[in-house]
Number of protein chains: 2
Amino acid sequence: MQRIESHACFGGTQEVWQHESGTLGCTMKFGVYVPPHARERDCPVLYWLSGLTCTEQNFITKAGAQRHAAEHGLILVVPDTSPRGVGVPDAEGYDLGIGASFYLNATQAPWDSHFRMHDYIVHELPGLIETHFPTNDGCAISGHSMGGHGALVLALRNPGHYRSVSAFSPIVAPSQVPWGQKAFATYLGDDREAWREWDACALIANARERLPLLVDQGDADEFLTVQLQPERLQAACAAAGHPLTLRLQPGYDHSYYFIASFIGEHIAHHARALSA
Amino acid sequence: MQRIESHACFGGTQEVWQHESGTLGCTMKFGVYVPPHARERDCPVLYWLSGLTCTEQNFITKAGAQRHAAEHGLILVVPDTSPRGVGVPDAEGYDLGIGASFYLNATQAPWDSHFRMHDYIVHELPGLIETHFPTNDGCAISGHSMGGHGALVLALRNPGHYRSVSAFSPIVAPSQVPWGQKAFATYLGDDREAWREWDACALIANARERLPLLVDQGDADEFLTVQLQPERLQAACAAAGHPLTLRLQPGYDHSYYFIASFIGEHIAHHARALSA
């Protein structure tokens, strides 16, 4: 594992690391923000999953999250959005293949040999983080759009693993919307029963843990009505008695300007759960 | 003048506008952050000048300045770093031509017909801003690297125009360092007397207004010893009795991670001057 960037930032360091991932069969990069507190004590970790087309760079350069992580003493871990590089299959379009993993374990060829982002983020990456950084045993997860879907699904599939979860503009019901249907048909095949295991709205019905969900959604989001449909999450949570705080933020769109405006509140939310 | 981007951001709006510049003879873009206060009252303006290779996008996406502008009620105006587009001369290298105006008025052909960024930023752009946005009569200026040079030089050349000035990692003595010597020889010709009019350290000796300078400089900046040399600014200010707060920030480099870490303090500095 090799550090390829390091920048002083709000008293800590914003770093980028590169390593060979056994789970994904390729070289992966991830961003880590190490807050100043980490010089003196072990810190909890917030994993951030980015959206379609992103790499590990988008969130670390645009969200302004380091300021809040420095304030609360959280380590931020920001993986890439898919396997990438020589031998990794890709497809036409920004919404499939590289940059568009949907954070699942693919079952269909040729995707199944590399596209195992669930296992990478839940198992392989935390092992590396715990070995190389001063972490305590608390972790949380958040993300945006496809990464908001990823955060919700990883938390719902892995009860006990995350102390808190939040999302910005998540794809809450991928089985029901074009982005998700295209990806799931490709990565998981045509059996729609298999899709339910990677769909937050479907998982909520049988969730073993009632981890409260914090979701921010801009009401001027250009993907709101076709791809995001937060009312489906509201209905699923209401039916299952699952705690949800869904905030429709007036005037906000799908961009990092939206994330930057509210990331401080999300980090404070996670910091509360991680220090409890 | 046409608005080509608008995003809700920290309760205000981050916008990008495009217009035909008479001064520069080309189409120009600039970013404007309009804080929530602007719905109710006129606000002062902070102009930000970016560094080599940047456009109007770098600062507005990476610095996290909107949070602080929203807090203090400042309008942020972020021009592009040079004329750009069909007919605008360019040169080999990132440090000359497009993206590398050095914020001066060129006197040498073929640059003199377009490279008049001083006049654009001091005269043409403020006219547009005052016409289209709810401004009061206070303005300030800041910038990074080549733009830090620009901020210092524009403030020193135009006494009374700016209420406050600050810079991150500025090129304080362009006549003495490779970046500046290459640009000045090209844009201003070989007469080094003419260079003194665009060199902060030279201008300080004869400054008519003792506007205090706030400068932050990372001590791990990769350009520190060859291109930046803040000790020259310190010496020039000491010799002239010009007020300077120069802060060497330990461990910080030349990146936007440095700017993001301290932009809040700079905006607070300008807000104090603009409300006084």
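Predicted model only: the values in this text are computed from it and were never measured. (Residues numbered from 1 in each chain as written. Chains lettered and ligands numbered in written order. Predicted model: local features only at pLDDT ≥ 70, side-chain atom pairs only at ≥ 80, totals over all residues. Heavy atoms only, no water.)

1. Some points on the interface of chain A and chain B
Turning to step 1, where the next piece is worked out: Taken together, the 22 residues of chain A in the interface contact 22 residues of chain B.
Turning to step 2, where the next piece is worked out: Summed over both sides, the interface between chain A and chain B buries roughly 1700 Å², with carbon and sulfur atoms accounting for 54% of that surface.
Turning to step 3, where the next piece is worked out: It is A8, F10 and Y257 of chain A in chain A that bury the most area against chain B; as a group they hold 37% of the surface buried on that side.
Turning to step 4, where the next piece is worked out: Taken together, the connections running from chain A to chain B amount to zero salt bridges.
Turning to step 5, where the next piece is worked out: Summed over the shared surface of chain A and chain B, the result is eight residue pairs in polar contact (both at pLDDT 80 or more). (Contact = heavy atoms within 4.5 Å. Buried area = accessible area lost by both parts, 1.4 Å probe. Salt bridge = Lys/Arg side-chain N within 4 Å of Asp/Glu carboxyl O. Polar contact = N/O pair within 3.5 Å; in protein donor to acceptor, adjacent residues only side chain to side chain.)

2. Focus on the relation of the copies chain A and chain B
Turning to step 1, where the next piece is worked out: Superposition of chain A onto chain B requires a rotation of 180° combined with a translation of 0.0 Å along the rotation axis, giving an RMSD of 0.0 Å. Here the copies are linked by what is in effect a two-fold axis. Across chain A, the rotation axis passes nearest the C-alpha of K62 of chain A, at a separation of 2.5 Å.
Turning to step 2, where the next piece is worked out: Comparing interface residues between copies, 100% of those in chain A also lie at the interface in chain B; the contact surface is shared. (Least-squares fit on C-alpha atoms with pLDDT ≥ 70 in both.)

3. Topic: the packing of aromatic side chains
Within a pair of aromatic rings, the relevant descriptors are the distance that separates the centres and the angle that separates the planes.
Turning to step 1, where the next piece is worked out: Counting across every chain of the model gives 28 aromatic pairs over all chains.
Turning to step 2, where the next piece is worked out: Look at Y94 of chain B and W179 of chain B: their rings are 6.5 Å apart centre to centre, the planes differ by 85°, and that puts the pair in the edge-to-face class. Here Y94 of chain B, found in the loop between β5 (75-79) and α3 (117-132), pairs with W179 of chain B, found in helix α5 (residues 178-188); they are 85 residues apart in sequence, far enough to count as distant.
Turning to step 3, where the next piece is worked out: By relative accessible area, Y94 of chain B is classed as partly exposed at 43%.
Turning to step 4, where the next piece is worked out: Each ring, one from F115 of chain B and one from Y187 of chain B, has its centre 5.4 Å from the other, and the planes form 25°; the classification is stacked. In this pair, F115 of chain B is assigned in the loop between β5 and α3 and Y187 of chain B in helix α5, connecting sequence segments 72 residues apart.
Turning to step 5, where the next piece is worked out: A relative accessible area of 0% means that F115 of chain B is categorised as buried.
Turning to step 6, where the next piece is worked out: Grouped by ring-pair contacts, the aromatic residues W48, F59, F168, Y252, F258 and F262 of chain A constitute a single cluster.
Turning to step 7, where the next piece is worked out: Against the face of W198 of chain A rests R157 of chain A, its NZ or CZ located 3.6 Å from the ring centre. (Phe/Tyr/Trp six-rings, centres within 6.5 Å; stacked < 30°, edge-to-face > 60°. Helix = DSSP H or I, 4+ residues; strand = E, 2+ residues; numbered from the N terminus. Buried < 20%, exposed > 50% of the residue type's maximum accessible area, 1.4 Å probe, protein only. Lys NZ or Arg CZ within 6 Å of the ring centre and 35° of its normal.)

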